[in-house]
Amino acid sequence: MTEFVADAMLGTLAKKLRILGFDCKYFASINDEEIAALAKADSRTIITKDKLLAQKCKKQDIRVIYLESHSEKEHLIKIARVCNLRYAVDASNARCTSCNGCLKKADRSIITLMPQLTHISQFWQCLDCKHIYWEGSHIRNLKKFISEVNVELQNKR
């Protein structure tokens, strides 16, 4: 599976890739040398909007996807095309949006401190940072968005 590292300008995209099940490291503050070293050491593909970083990485034989568009939809389409990916929102494959850790299905007892969630039936917890997740309106909105992305990918093939 393709593993990514997103530059500091792409935090929202990194979170979406994590929800979609992709291993995507992201740091709010990282310089070009650090991101290149991380990508090289871990065999990751850099995703960047920084043209100079993209050029430097290509010269070092580091895989890089340079995103010129300002549209998140276009970003996901380009990544899918370059890496030959298919997108699906599936909680069993999702990763933690906070730390990129793996999620595991959690028992309902985990929400004892959150009585407003008693109507939710399924929960997941990050194995690393212990953050708790459930399917809310943000996931329904993301499913709709990803459906639109997939339609455009299908139409442009």
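Residues numbered from 1 in each chain as written. Predicted model: local features only at pLDDT ≥ 70, side-chain atom pairs only at ≥ 80, totals over all residues. Heavy atoms only, no water.

A. Fine view of the sheet that holds strand β5 (residues 103–106). Ordered by their spatial adjacency, 3 strands build an open sheet running β5-β6-β7, and the pairing between neighbours is antiparallel. A single partner strand is all that each edge strand has here, and the edge strands are β5 and β7 (132–133). (Pairing = 2+ DSSP bridges. Helix = DSSP H or I, 4+ residues; strand = E, 2+ residues; numbered from the N terminus.)

B. Seen up close, the packing of aromatic side chains. Scanning all chains against the criterion turns up 3 aromatic pairs. With a centroid separation of 6.1 Å and 65° between ring planes, the pair formed by F4 and F22 is classed as edge-to-face. One end of the pair, F4, is in strand β1 (residues 4–6); the other, F22, is in the loop between α1 (11–19) and β2 (24–26), and 18 residues separate them in sequence. Taken individually, F4 and F22 each receive the classification buried, so the pair is uniform in this respect. Considering the side-chain rings of F22 and Y87, the 6.0 Å spacing of their centres and the 90° angle between planes classify their relative orientation as edge-to-face. Taken together, the residues F22 in the loop between α1 and β2 and Y87 in the loop between α4 (72–83) and β5 connect sequence positions 65 residues apart. Here F22 and Y87 have matching classes, each one buried. Linked through ring pairs, F4, F22 and Y87 together constitute an aromatic cluster. Above the ring of F145, the side-chain terminus of K16 is found at 5.8 Å from the ring centroid. (Phe/Tyr/Trp six-rings, centres within 6.5 Å; stacked < 30°, edge-to-face > 60°. Buried < 20%, exposed > 50% of the residue type's maximum accessible area, 1.4 Å probe, protein only. Lys NZ or Arg CZ within 6 Å of the ring centre and 35° of its normal.)

C. Structural view of unusual backbone geometry. The phi torsion at N84 lies on the positive side, around 55°, for a residue other than glycine. With respect to the helices, strands and loops of the structure, N84 is situated in the loop between α4 and β5. Of the residues examined, N84 reaches a relative accessible area of 61% and is grouped as exposed. One non-glycine residue with positive phi stands out, namely K130, at about 70°. The residue K130 is located in the loop between β6 (123–126) and β7 in this model.

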